[in-house]
Amino acid sequence: MATSFLPPFLILFFFFFIILTNTTAFSSDQIPKTYIFRIDRSFKPSIFPTHYHWYTSEFTEATTLLHVYDTVFHGFSASLTPSQAASLLKHPSVLAAFEDRRRQLHTTRSPQFLGLRNQRGLWSESDYGSDVIVGVFDTGIWPERRSFSDLNLGPVPSRWKGVCETGAGFTSKNCNRKIVGARFFSKGHEAASGGFGGFGGGINETIEFKSPRDADGHGTHTASTAAGRYAFKASMEGYAPGIAKGVAPKARLAVYKVCWKNAGCFDSDILAAFDAAVSDGVDVISISIGGGDGVSSPYYLDPIAIGAYGAVSRGVFVSSSAGNDGPNGMSVTNLAPWLTTVGAGTIDRNFPADVILGDGRKLSGVSLYAGLPLNGKMYPVVYPGRSGVLSASLCMENSLDPSLVRGKIVICDRGSNPRVAKGLVVKKAGGVGMILANGASNGEGLVGDAHLLPACAIGAAEGDAIKAYAASNRNATATINFRGTIIGIKPAPVVASFSARGPNGLNPEILKPDLIAPGVNILAAWTEAVGPTGLDLDKRKTEFNILSGTSMACPHVSGAAALLKSAHPDWSPAAIRSAMMTTASMIDNRFQPMLDEATGKPSTPYDFGAGHLNLDLAMDPGLVYDLTNSDYVNFLCSIEYGPKTIQVITRTPVNCPMRKPLPENLNYPSIAALFSSQTVGISSKTFFRTVTNVGEANGVYRVKIVAPKGVTVNVKPSKLVFSEKVRKMSYFVTITVDSKNLVLGDSGAVFGSLSWIDGKHVVRSPIVVTQIDPL
């Protein structure tokens, strides 16, 4: 698949931006909307004691002002009519304005699976992350869970400046030495009622808490995945029994509730959380949130990218989820090169269930159903989708005819409505069970769900087989057998079919995602406010829940960053990411190349980035690829952002170098070489990289190249000699292709790697070679 430098959605965003900066282009519709304004602080008259005073006297009234930003970003958000916003844009101090947008959440054994072991290695060297503060941007927290106990934790680190905000169901006693701070941000959400399809208009306090308390469950789950304490005898209704623990069990948690039940998360609130978290003193930010529509805005229109730049530029590591729009290519979101972007893989634990057909065939699937079993009793099986009505095939609300499904096991197609909600529709119509069948888009990728009736998820091939059986046999019958929890599953990890994939749609020169981490069937703490499915009619209560998504993978990397930060306090966010990427694993527990769940074939760096997180090795990577703020500024210059546009991201005015840098020369731990598809014959590109020695002082590293098929890779020098005085060394990589020999695979690219080896360390960078059509 060829990519161009400007995907169509990017052109749409520029069009949107031009409209916003053109007064005449505003519609006459004067419904207020929320806008975020980026201000050049150097214009502030000295007469005003604070930015708030300046903004409320010169730009907007205090009643319309929502948030003032002054840490990661200079500016404010306000609820204004389009014509008011247009007139503000004429003010010389306004660098940019953008409309508030809704984002979505990217909805135990995982620590062992990452190579963490008690009393040795990274856990003991980092004291389990005890002095590191992880800020979680999500739906809040259920503080009473055992995962958030502060038993035997030392005092709160003295540098912490955050607060414990109180509100509905949340008092100052809910913070402790574990949950060191908690805040909630709702002004953008509450202002949204006019311009966001009727959502918002205040907090619905019948289903929500106007406080940091979690009514959804997602935030409690991600917080405990990153930093949950040891909780013995943990399980979800008997599934995944054992000891639940986070990746950094002693790290402290700071909770920033920016997402609200059934209402998403607004940019203006997310930006306010970044502002607060950085000034509060967090070390790591975990944000399992992404573009509401799977589309990536340019960095200067993306508050996650802008807020994260402000955080990273002050030494805060930011981990973000890649999104759940896989296995489609170019679906990865959170693309800014200062973010660490995390995809999802499976772990070696599964929850198998079998569909047994009347003709004796056994089809394997997965389920977390914990109610009364079917005990081998056979029931008639029916597929409502045979009628050709899409809503019936998907088991949408009120789509099933009770006279057709009563007393039967119903086949429902996956898609559109929530998987567990389909089972509820079947149950209401009198069905006794459900078989949830994947379509072609989900392939064989399966996710366990805590169903409310006997139900089993099966892959596309099995789904087709059972539909054919039901269609050809008037007396078709089936039963479902639930087999509990099985560990030691092979192969694992496998790239989850839902995990968003590269190439990077904004700047294909930067490989995204950066890496993958466990994100399928992850057990972690859960809210008391809703049942495990999150459905209103699910009255069950559970201390732990099992969820899947890149939302679950992201906090594994946040917890990992906390451990690395604790073991290496002087490492920058880029050094921590580099350590994870260059030591990541590309093989599974069979010692074979990692597979792609969607196709069953070997996966590629477009699927897994540098590989699967391997914390055992990340503690001592040998060499790291470091980056400074000026490196990121040069990158923004290289993609032709002007100084004013860059200032929207960086807060401070910048000057681009006279000689334009190349985006591919950003000192990233991966290399992506783009060649024009129009060029015939031989063409070459040279890349520049610098490594910093963080291992033994007198290291000697030799290069090992695995060249992509049909590509020549040359590295100079081929040996790096470090000493007490020489800690940094640079090298050049020349990649040469001959259009006659270059055969791009299914993904539109060929892949290889470059490793520096000293006998103890292997510092590996993926190489991606692709052709793209110039504009």
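Note that the structure is predicted; figures quoted are calculated from it, not measured.

Regarding its fold elements, the chain presents 19 helices and 37 strands. In terms of C-alpha radius of gyration, the chain reaches 26 Å, essentially the compact-globule figure of 28 Å for 775 residues. By principal-axis analysis of the C-alpha atoms, the chain measures approximately 75 × 65 × 60 Å. Considering the chain as a whole, with its 775 residues, one finds that 61% of them fall into the buried category. Roughly 28,300 Å² of accessible area belongs to the chain as shown, and the carbon and sulfur atoms make up 54% of that amount. Seen as two clouds, the 72 positive and the 61 negative side-chain charges of the chain have centres 4 Å apart.

The next point concerns the layout of surface pockets. Roughly 1,200 Å³ of internal volume is contained in the second largest pocket. Lining the second largest pocket are 44 residues, and of these Met 586, Ser 603, Thr 604, Pro 605 and Phe 608 sit closest to its centre. Those elements giving two or more residues to the lining of the second largest pocket turn out to be helix H16 (605–608), helix H17 (615–618), strand S36 (749–757) and strand S37 (762–772). With 5 residues, S36 is the single largest residue contributor to the lining of the second largest pocket. Class assignment of the residues belonging to the lining of the second largest pocket gives a composition of 20 nonpolar, 15 polar and 9 charged.

With that settled, consider unusual backbone geometry. Cis peptide bonds are those with omega within 30 degrees of zero, and the linkage from Lys 512 to Pro 513 qualifies with -5 degrees. Turning to its location among the elements, Pro 513 is positioned in the loop between strand S25 (486–487) and strand S26 (515–518). In this model, Lys 716 is joined to Pro 717 through a cis peptide bond whose omega is -10 degrees. When you line up the elements, Pro 717 lands in the loop between strand S33 (711–716) and strand S34 (719–721).

Let us look at the pairing of strand S8 (residues 231–236). With 3 bridges joining them, S8 and strand S9 (residues 239–244) adopt antiparallel strand pairing. Directly across from Ala 234, in S9, lies its bridge partner Gly 242. Where S8 hands over to S9, the hairpin turn is made up of 2 residues, of which Glu 237 adopts a positive phi near 50 degrees.

Mapping Ala 496 onto the fold places it in the loop between S25 and S26. Overall, Ala 496 belongs to the buried group, its relative accessible area being 0%. Separated by 172 residues in sequence, Ala 496 and Tyr 668 place their C-alpha atoms 25 Å apart. With residues up to four places along the chain from it excluded, the contact list for Ala 496 reads Ala 344, Gly 345, Arg 501, Val 520 and Glu 597.

Below, the discussion takes up the side chain of His 67. As for its position among the elements, His 67 is in strand S2 (residues 65–69). For His 67, a relative accessible area of 8% gives the class buried. A polar atom in the side chain of His 67 sits 2.7 Å from the side chain of Asp 269. Non-local contacts of His 67, meaning those with residues more than four positions away in its chain, are made with Gly 75, Phe 76, Ser 77, Phe 185, Lys 187, Gly 188, Ser 268, Asp 269 and Ala 272.

At a minimum axis separation of 10 Å, helix H18 (residues 629–638) and helix H19 (residues 643–650) run at an interaxial angle of 140 degrees. Taken together, the axes of H18 and H19 are oblique relative to one another. Crossing handedness for the pair H18 and H19: right-handed. Along the contact surface, H18 presents Val 633, Leu 636 and Cys 637, while H19 presents Ile 646, Ile 649 and Thr 650. Its residues assigned to classes, the contact of H18 with H19 comprises 5 nonpolar, 1 polar and no charged.

In this section: the state of the cysteines. Per the counting criterion, the structure on display carries 4 disulfides. Between the sulfur atoms of Cys 259 and its disulfide partner Cys 265 the distance amounts to 2.2 Å. On the S-S bond that ties Cys 259 to Cys 265, the torsion sits near 100 degrees, and the link is right-handed. By relative accessible area, Cys 259 is classed as buried at 1%. Between the sulfur atoms of Cys 395 and its disulfide partner Cys 412 the distance amounts to 2.0 Å. Between Cys 395 and Cys 412 the disulfide shows an S-S torsion of about -90 degrees. By sign, it is left-handed. You can see Cys 395 sitting in the loop between helix H10 (390–393) and helix H11 (402–405) and its partner Cys 412 sitting in strand S21 (residues 409–413), a full 17 residues away along the chain. Here Cys 395 falls in the buried class, since its relative accessible area comes to 0%. Looking at the chain, its bonded cysteines, counted consecutively from the start of the sequence, adopt the pairing 1-2, 3-4, 5-6, 7-8. Just so you know, Cys 456 is unpaired, no disulfide at all, and the nearest cysteine sulfur is the one on Cys 412, 12 Å from it. This cysteine, Cys 554, is not joined by any disulfide, and Cys 259 carries the nearest cysteine sulfur, 12 Å off.

For the rest of this paragraph, the subject is the sheet that holds S26. Taken together, 7 strands build an open sheet; the order of strands is S7-S10-S6-S13-S15-S16-S26 and the sheet is parallel. At either end of the open sheet lies a strand with only one pairing partner, and these are strand S7 (179–184) and S26. Each strand axis lies, on average, 25 degrees off the axis of its neighbour in the sheet, ignoring direction. Judged from the 4 bridges that link them, strand S13 (residues 284–287) and strand S15 (residues 317–321) form a sheet pairing that is parallel. Looking at the pairing, Ile 287 lines up with Ser 320 of S15. In the packing of helix H15 (residues 573–582) onto the sheet, the strands contacted are S15, strand S16 (340–345) and S26, and the crossing angle to S15 comes to about 50 degrees.

Turning our eyes to something else, we now look at the environment of Pro 621. Here Pro 621 is to be found in the loop between H17 and strand S29 (623–624). Each C-alpha atom, one on Pro 621 and one on Ile 510, is 21 Å from the other, the two residues being 111 residues apart in sequence. Ignoring anything within four residues of it in the chain, the contact list for Pro 621 reads Trp 571, Ala 579, Thr 582, Thr 583, Val 694, His 761 and Val 763.

Turning to the packing of aromatic side chains, a few remarks are in order. Summed over all chains, the structure comprises 26 aromatic pairs. Ring geometry for Tyr 309 against Trp 338: centres 5.2 Å apart, planes inclined by 85 degrees, an arrangement best described as edge-to-face. With a gap of 29 residues between them, Tyr 309 in helix H9 (residues 303–312) and Trp 338 in the loop between S15 and S16 connect regions that are remote in the sequence. Trp 338 matches Tyr 309 in its accessibility class, with the two residues each being buried. Ring pairs connect the aromatic residues Tyr 299, Tyr 300, Tyr 309, Trp 338, Tyr 632, Phe 635 and Tyr 641, which therefore count as one cluster. In this structure, Arg 38 is placed above the aromatic ring of Phe 73, and the distance from its NZ or CZ to the ring centre is 4.2 Å. Over the ring of Trp 142 we find Arg 213, and its NZ or CZ is 4.4 Å from the ring centre.

Attention now goes to the sheet that holds S36. Pairing is mixed in the open sheet, where 5 strands are placed in the order S30-S37-S36-S32-S34. Each edge of the sheet is formed by a strand with only one pairing partner; in this case those strands are strand S30 (671–676) and S34. On average, each strand axis in the sheet is tilted by 20 degrees relative to the strand beside it, whichever way the strands run.

Cut-off values and rules
- Residue numbers run consecutively from 1 along every chain, following the written order of its sequence.
- It should be noted that, the model being predicted, local features are given only for residues of pLDDT at least 70 and side-chain atom pairs only at 80 or more, the latter also being counted only at that level, while totals for whole chains, interfaces and linings use all residues.
- No hydrogens and no water enter the side-chain calculation; it runs on all heavy atoms of the structure.
- Strands are runs of DSSP state E lasting at least two residues, helices are runs of H or I lasting at least four, and both sets are numbered from the N terminus onward.
- Between the two quantities, the radius of gyration covers C-alpha atoms and the globule rule is 2.2 Å times the number of residues to the power 0.38.
- The buried label goes to any residue with under 20% of its type's maximum accessible area, the exposed label to any with over 50%, and the partly exposed label to all in between, with areas taken from a 1.4 Å probe on protein chains only.
- Areas reported here follow the Shrake-Rupley algorithm with a probe of radius 1.4 Å; residue values treat only the protein chains shown as occluding.
- When charges are counted, Lys and Arg contribute as positive and Asp and Glu as negative, whereas His and the chain ends are disregarded.
- Charge placement uses NZ in Lys and CZ in Arg. For Asp and Glu, CG and CD serve respectively.
- A pocket here means an open set of points on a 1 Å grid, computed over the protein atoms alone, that has protein on both sides within 12 Å along at least five of seven lines. A cavity is instead a set of points where a 1.4 Å probe fits but cannot get out; residues with an atom within 4 Å of a point line either one.
- Grid points are joined across faces, edges and corners, and a volume is the space filled by probe spheres set on the points.
- Each residue receives one of three labels: charged for Asp, Glu, Lys and Arg, nonpolar for Ala, Val, Leu, Ile, Met, Phe, Trp, Tyr, Cys and Pro, and polar for the others, Gly being one of them.
- When DSSP finds two or more bridges between a pair of strands, those strands are recorded as paired.
- Contact between two residues is taken to exist if any of their heavy atoms lie within 4.5 Å; hydrogens are not considered.
- We call two N or O atoms a polar contact when they sit within 3.5 Å, provided that within protein one can donate a hydrogen and the other can accept it, with sequence-adjacent residues counted only if both atoms are side-chain atoms.
- To get an axis, a line is fitted to the C-alpha atoms, and for a helix only the part in contact is used. The angle between two axes follows their N-to-C directions and goes from 0 to 180 degrees.
- Roughly parallel here means an angle under 35 degrees, roughly antiparallel means over 145, roughly perpendicular means 65 to 115, and every remaining angle is called oblique.
- Take the far helix as the reference: if the near one is turned anticlockwise from it by less than a right angle, the crossing is left-handed, and if turned clockwise, right-handed.
- We call a pair of cysteine sulfur atoms a disulfide when they lie within 2.5 Å.
- Think of it this way: a Phe, Tyr or Trp ring, Trp meaning its six-membered ring, pairs with another when their centres are within 6.5 Å, and the plane angle makes it stacked under 30 degrees, edge-to-face over 60, tilted otherwise.
- In this scheme, Lys NZ or Arg CZ marks a charge over a ring once it lies within 6 Å of the ring centre and within 35 degrees of the ring normal.

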